[in-house]
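# An overview of the molecular structure
Single-letter residue listing:
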Amino acid sequence: MNTLPQQLANGLLLGSMYGLIAIGYTMVYGIVQLINFAHGEIFMTGAFGALTVYLYILPDGTPMAAAIPLMLIGGAIVAVLIAVGAERFAYRPLRGAPRLAPLITAIGLSLALQEVVRNFYPDADKARSFPGLDATHDIGSITIKDADIFLIAAAVICMSALAWFVRKSRTGRAMQATAQDPDTAQLMGIDTNRIIVIAFAIGGFFAAVAALSFGLKYGSIDYRMGFLMGLKAFTAAVLGGIGNIYGAMLGGVVLGIAETLASAYINDIPGMQQLGGQSWANVWAFVLLILVLLFRPQGLLGERVADRA
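Residues numbered from 1 in each chain as written. Predicted model: local features only at pLDDT ≥ 70, side-chain atom pairs only at ≥ 80, totals over all residues. Heavy atoms only, no water.

### Observations concerning the confidence of the model for the protein chain
Reading fine detail from the predicted coordinates is not recommended where pLDDT is low. Chain-level statistics for the protein chain give a pLDDT mean of 89 and a share of 93% at 70 or above. Taken element by element, the predicted model of the protein chain shows its lowest mean pLDDT in helix α11 (residues 281-295) (83) and its highest in helix α2 (residues 39-57) (96). Low pLDDT (under 50) marks residues 304-309, which in the prediction has 26 contacts with non-local residues, meaning those over four places away or in another chain. (pLDDT = per-residue confidence, 0-100. Helix = DSSP H or I, 4+ residues; strand = E, 2+ residues; numbered from the N terminus. Contact = heavy atoms within 4.5 Å.)

Laid out in structure tokens, this is it:
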């Protein structure tokens, strides 16, 4: 029990990262009913975009306080461009096709992005070192790094801005209308293609924020990082109620805490000593997903139509 506050903090931080990525899944699904399985690779390309800025654009010795905003801009540009390009050239031509077609396209795009980065980015087939924020701070019995502070601050700011945007802005209300009934929204003068592009762009930006947070926290990235993180984020979106932007973040936090606590404490249960530890973290995450699908398939928050965006 002495380690419980630290484990809860670790779970909250991990869940915030899942939630930032899950926003991209849930916004796209909420509007066009598409599971964009390439979103994990958009997260990965955002990380490599940020690393490119640090390695090849910024001069040596640039302080991290100045480097991080520029790295975020670089990662966001790459992730948003790829997300918008995927919508325009991979998904939009298949919008009227059977749902299996865009799903297969998303999987193909995911593999293609992995191979592009692996073959054309220097040494991308190995773990690339990423500049970290390793200074630690003690808050009672909890120890956190500067990278953790960046992550939690970014998650709060991004979610607050998105909530305001969806509820208060004209474009946000148009997104809600498009999510509820795209045909009627188009008849009312809403450019639904533009709204869909904006949804992909916002998802790409959030993925870039999560990617930069991942690199700063763990100190390395590789071209395969998007697969598992994307799968976990999709799990978080389903857990919270896919199509619900608040549910995506809630699902991420619940998943992160459950995964962390299971990894830390399953070992202490008699007869289950072999089922704990970090090697089993992924297993328990998907066990949680299966339980939710069995007993509450609509997710923790369900799908509130008025907030679908």
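### Quick notes on the pairing of strand β3 (residues 142-145)
Two elements, strand β2 (residues 136-139) and β3, share four bridges in a ladder whose sense is antiparallel. Bridging from a neighbouring strand, D138 pairs with T143 of β3. Counted along the chain from β2 to the antiparallel partner β3, the turn is two residues long, and its residue G140 has a positive phi close to 65 degrees. (Pairing = 2+ DSSP bridges.)

### Brief notes about the packing of helix α1 (residues 4-32) against helix α6 (residues 170-180)
Following both chains from N to C, one finds α1 and α6 inclined at 60 degrees, their axes separated by 6 Å at the closest point. Considering their axes alone, α1 and α6 lie oblique with respect to each other. On the side of α1, the interface is formed by M27, G30 and I31, while α6 contributes M175, T178 and A179. Looking at side-chain class alone, the contact of α1 with α6 contains four nonpolar, two polar and no charged residues. (Axes fitted to C-alpha atoms, helices over the stretch in contact; angles between N-to-C directions. Parallel < 35°, antiparallel > 145°, perpendicular 65-115°, else oblique. Nonpolar A, V, L, I, M, F, W, Y, C, P; charged D, E, K, R; others polar.)

### Comments concerning the packing of aromatic side chains
This structure, assessed with the given rule, holds seven aromatic pairs. Aromatic pair F37 and F234: ring centres 5.3 Å apart, planes at 65 degrees, arrangement edge-to-face. Separated by 197 residues along the polypeptide, F37 in the loop between α1 and α2 and F234 in helix α9 (residues 225-240) bring together distant segments of the chain. Look at F37 and you get partly exposed, because its relative accessible area is 27%. Taking 5.9 Å as the distance between ring centres and 90 degrees as the angle between the ring planes, the aromatic pair formed by F43 and F214 counts as edge-to-face. One end of the pair, F43, is in helix α2; the other, F214, is in helix α8 (residues 192-218), and 171 residues separate them in sequence. Taken as a pair, F43 and F214 share a single burial class, namely buried. Aromatic rings pair up to connect Y25, F37 and F234 into one cluster. The ring centre of F89 lies 5.6 Å from the NZ or CZ of R88, which sits over that ring. The ring of Y218 carries the charged tip of K217 above its face, separated from the ring centre by 5.7 Å. (Phe/Tyr/Trp six-rings, centres within 6.5 Å; stacked < 30°, edge-to-face > 60°. Buried < 20%, exposed > 50% of the residue type's maximum accessible area, 1.4 Å probe, protein only. Lys NZ or Arg CZ within 6 Å of the ring centre and 35° of its normal.)

### Here's the deal with unusual backbone geometry
For Q33, which is not glycine, the phi torsion reads 55 degrees and is therefore positive. Mapped onto the elements of the fold, Q33 is located in the loop between α1 and α2. If you check the backbone angles, D123 has positive phi at about 60 degrees while not being a glycine. With respect to the helices, strands and loops of the structure, D123 is situated in the loop between α4 (100-120) and β1 (128-129). Judged by relative accessible area, which is 46%, D123 ranks as partly exposed.

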